[in-house]
Amino acid sequence: MTVCSVLRMGEPLLLAVADEVTAFDTLELHALIQDMEDTMAALDGAGLAAPQIGVSLRVVIFGQEEGRSENPRYPDANSVPYTVLINPKLTFLGYEQEDGLEGCLSVPGLRGIVTRYTHLHYSGFDQYGKSVERTVSDFHARVVQHECDHLDGILYPMRMTDLTTFGYTDVIFPDQSLP
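Just so you know, these numbers come straight off a predicted model, no measurement behind them.

(A) The arrangement of the pairing of strand 6 (residues 119–125) in detail. Burial of the side chains of strand 6 is restricted to one face: Leu120, Tyr122 and Gly124 are buried, whereas none of His119, His121, Ser123 and Phe125 on the reverse face is. Where strand 3 (residues 83–92) lies against strand 6, 5 bridges are found, and the strand directions are antiparallel. Bridge pairing in strand 6 places Lys89 opposite Ser123. Taking the residues that link successive antiparallel strands as the turn, the strand 6-strand 7 (residues 131–137) hairpin has 5 residues, and the phi of Gly129 there is positive, at about 90°.

(B) Spatial organisation of helix 2 (residues 138–150). For helix 2, built from 13 residues, the straight-helix expectation of 18 Å at 1.5 Å per residue is met to within 8% by its first-to-last C-alpha distance of 19 Å. Burial analysis of helix 2 places 12 of its 13 residues in the buried class, which makes it a mostly covered element.

(C) Region of the structure containing the packing of aromatic side chains. Going through the model one piece at a time under the given rule, you end up with 4 aromatic pairs. Ring geometry for Phe62 against Tyr122: centres 5.8 Å apart, planes inclined by 85°, an arrangement best described as edge-to-face. Separated by 60 residues along the polypeptide, Phe62 in strand 2 (residues 59–62) and Tyr122 in strand 6 bring together distant segments of the chain. Comparing Phe62 with Tyr122, the two get one shared label, buried. Where Tyr156 meets Phe166, the ring centres are 6.1 Å apart and the plane angle is 75°; that geometry is what we call edge-to-face. You can see Tyr156 sitting in the loop between helix 2 and strand 8 (167–168) and its partner Phe166 sitting in the loop between helix 2 and strand 8, a full 10 residues away along the chain.

Criteria and cut-off values
- Residues numbered from 1 in each chain as written.
- Predicted model: local features only at pLDDT ≥ 70, side-chain atom pairs only at ≥ 80, totals over all residues.
- Heavy atoms only, no water.
- Buried < 20%, exposed > 50% of the residue type's maximum accessible area, 1.4 Å probe, protein only.
- Helix = DSSP H or I, 4+ residues; strand = E, 2+ residues; numbered from the N terminus.
- Pairing = 2+ DSSP bridges.
- Expected span 1.5 Å × (residues − 1).
- Phe/Tyr/Trp six-rings, centres within 6.5 Å; stacked < 30°, edge-to-face > 60°.

If you want it as structure tokens, here you go:
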């Protein structure tokens, strides 16, 4: 088990556009995904992008593995199936958007309200090169957009339109012990 350090906001790699993956089902790609899984699980993340652990590749993972209970960082969120998504393409379905509270392992201890599309279709590949396609809504759509933003050098505070909704988790939720 390898839990990697997560780069924090301010690191130049987090502002760069990640490179496409060109080879699937390799030892290196499997090792990267294992490191991402171990890191995300150890930190109770809802998702993780390769650039967050210092690897500039278009790889994200998100959701919860089968048998794992709710995510303590998002206790009220709907369950999202565990997914490996490589070289993702997002297509927004309609114009409907909603505001939602987001946090990020690269912006530790802070949360903020971000407007995201409510419905989208995503496609890409898993680590074996098998096609992945889903049409999703609500929290699932939010998580996918958040993680894919990392691949384009965008952190959620850059999407915020009202910084008065940005604050420390323990201040926003004084009666809860959210990570």
